[in-house]
Amino acid sequence: MTTSSNGFELAAVSERVSERRRAGDRIVHCHGVYDLMHIGHVRHLEAARREGDFLVVTITPDRFVNKGPDRPAFNEVLRAEMLSALGCVDAVAINEWPTAVEAIQLLKPDVYIKGKEYENPENDITAKIRDEAEAVQSVGGKIHFTDEITFSSSKLLNSHFPIYSNEAASFLAEMRRRYSADDVVERLKSLRSLKVLVIGDTIIDEYVFCRPYGMGSKSAAIAAQFIRTEQYAGGALAIANHLAGFCDRVDLVSSLGATDSREEFIAGHLKKNISAKWFMRSDGPTIVKRRYVSHFMATKLFEISDFNAAPVTGALAAEVVAHLEQTLSQYDLVVVGDFGHGFMSSEIRNTLSANSPFLAVNAQLNSINTGYNFVTQYRKCDYVCIDEEEARMAMRDRYGPLEDIVLGLHKALGCQIVTVTRGVHGSLTYTDKDGFVAAPILSGQVVDTIGAGDAFLSITAACASRHFPPDLIGLIGNAVGALAVRIMGNKESVEFPALGKFLTSMLR
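Residues numbered from 1 in each chain as written. Predicted model: local features only at pLDDT ≥ 70, side-chain atom pairs only at ≥ 80, totals over all residues. Heavy atoms only, no water.

A. Representation of the overall build of the protein in the model. Looking only at helices and strands, the protein features 17 helices and 18 strands. Within the protein, buried positions represent 54% of all 508 residues. A sequence separation of at least 24 residues applies to 74% of the contacts in the protein between residues at least 6 apart. Entry remark: accessible area of the protein is about 22000 Å², with carbon and sulfur atoms responsible for 49%. Charge centroids of the protein, computed over 53 positive and 62 negative side chains, lie 1 Å from each other. (Helix = DSSP H or I, 4+ residues; strand = E, 2+ residues; numbered from the N terminus. Buried < 20%, exposed > 50% of the residue type's maximum accessible area, 1.4 Å probe, protein only. Contact = heavy atoms within 4.5 Å. Areas by Shrake-Rupley, 256 points an atom, 1.4 Å probe, with all protein chains shown as cover. Lys, Arg positive; Asp, Glu negative; His and termini not counted. Charge placed at Lys NZ, Arg CZ, Asp CG, Glu CD.)

Written out as structure tokens, the structure is:
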């Protein structure tokens, strides 16, 4: 079923609105998701209809519903059909944009309707109510807030349309008992004032999308048709971008290659509140990882990397150390993205361990450095966030109980908090005070796992530095992971509004 077969196209509805306006009707506009219709919605829409002669409702399309990986529960056509069945609604359109702003500018309503909960702009996680108000004013309309009985679609869906595994449902029920959605969102807002330094390898992720045809008859080579190329800011750049959506001040220290620096691309792909200090390597290029990907299922075929993974030494290493010794005291949090690609030398690691106010470390194992890049190369840190395989290899224990591995890391590094991510098995967080806290995964929808660990590290490191309890770190981290695996590589960052709305929908 398509939207065009049901008459919910925005352009067609806009023409109807124009006709009614010329006939002298007062146009009223409502906008929302309407994922599960309930009496609160009906009362709201009936109150809206009383403000004019023609009520048009626009709905957020599926691709922009920002309430977590498993929402909406009902697709855009079903939601539009339900709304159109109400007698108080004169027209329904599926929006074409993420917010209502463009639809307001197109429909030019005399009255734009919102619920009473939006009357205070501070209550809007997305902060879009201000943009909507400006759009309404620009077309000569006004905003009216209804004051009707309210219910939560998310709470009703969580109660009666379970979308989580039994393990996740039990975990979320316990989290709802301990924390309100507003409490969690306020805690996330508290991260804004953190002064953060990100340090690690700069990586440019290049995805070459192609259509593979198979092997040639005379060789074992894969034949493929080129489709397009996309480049993303990866490595420490991605970590900085994630954090910059939650913290007002983010500084970045990393290295670029003098032979092929990619500075112009990087400058265009870092958020505006990131200040970068670059150290130039004369012995190699900026790291580029070029992945050839089947465009149909986003399956990776093979990878070619351009890099020099030898650690920085001599004058360059001394320059980095001097910079760190002068500046580390300025920060509340230092986040290390150690990808084992050369920038994090032993001198730099030791300086970070000795001088960081709160040091969060991820030392990653990958195809380039397997067997050589362990978190135990740091003398001390406050928060360790690595995956299970990285933890086991660091402690040289392939089959022992994971709890013993975590305790070993905790003792070896003297850290306050250890989090081990476990893929489909969620995450395990340990502190001396609370012991072990397991958190299940919160979505099974996966587009690309590359970059998900960086997103998890970024936000949970900020939470750990603010001493969030381990169960909340697990909840927030796995929510971040659920959002991140729906993004191709590091094409986008996990943002505060998306995470806040996802957590709110789960905790209702």
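B. Here's a closer look at empty space enclosed by the protein. By the definition in use, this model includes three cavities of 30 Å³ or more. Put simply, the largest cavity is a space of about 90 Å³. Taken together, 13 residues make up the lining of the largest cavity; nearest its centre are Ser255, Arg281, Pro285, Ile287 and His341. If you tally residues by element for the lining of the largest cavity, the top one is strand 9 (residues 249-257), at three residues. (1 Å grid on protein atoms, 1.4 Å probe; cavity = no way out; pocket = protein on both sides within 12 Å on 5 of 7 lines; lining within 4 Å. Points joined across faces, edges and corners; volume = space filled by probe spheres on them.)

C. Representation of the packing of aromatic side chains in the model. Throughout the structure, instances matching the rule amount to five aromatic pairs. Residues Tyr207 and Phe209 carry aromatic rings whose centres are separated by 6.1 Å and whose planes lie at 35° to one another, so their mutual orientation is tilted. With respect to class, Tyr207 is no different from Phe209; both count as buried. Where Phe246 meets Phe496, the ring centres are 6.1 Å apart and the plane angle is 85°; that geometry is what we call edge-to-face. (Phe/Tyr/Trp six-rings, centres within 6.5 Å; stacked < 30°, edge-to-face > 60°.)

D. Quick look at the sheet that holds strand 13 (residues 333-338). What the nine strands build is an open sheet, ordered 10-9-6-13-14-15-16-17-18; its pairing is mixed. Bordering the open sheet on either side are strand 10 (274-281) and strand 18 (435-439), each of which pairs with just one other strand. Pairwise comparison of adjacent strand axes, ignoring direction, gives a mean angle of 15° for this sheet. In this structure, strand 17 (residues 427-431) lies alongside strand 18, joined through five bridges in antiparallel fashion. Bridge pairing links Ser427 to Ala439 in strand 18. Strands strand 13, strand 14 (359-363), strand 15 (383-387), strand 16 (417-421) and strand 17 of the sheet are contacted by helix 15 (residues 452-465), whose axis makes an angle of about 155° with strand 15. (Pairing = 2+ DSSP bridges. Axes fitted to C-alpha atoms, helices over the stretch in contact; angles between N-to-C directions.)

E. Molecular detail of the environment of His295. For His295, the location among the structural elements is in the loop between strand 11 (287-294) and strand 12 (299-306). Look at His295 and you get partly exposed, because its relative accessible area is 32%. Put simply, His295 and Cys210 are 85 residues apart on the chain and 5.6 Å apart in space, counted from C-alpha to C-alpha. With residues up to four places along the chain from it excluded, the contact list for His295 reads Phe209, Cys210, Arg211 and Ile227.

F. Structural context of the sheet that holds strand 11. Across the sheet, four strands lie side by side as 8-7-11-12; this open sheet has mixed pairing. One side of each edge strand has no neighbouring strand; the edge strands of this open sheet are strand 8 (222-235) and strand 12. Put simply, the sheet's adjacent strands are angled 20° from each other on average, direction ignored. Two strands pair when backbone bridges link them, and strand 7 (residues 202-215) and strand 11 are joined in this way by eight bridges, in the parallel orientation. When the sheet's bridge partners are listed, Ile204 is paired in strand 11 with Val288. In this fold helix 9 (residues 236-244) packs onto strand 7 and strand 8, with an angle of close to 55° to the strand it touches most, strand 8.

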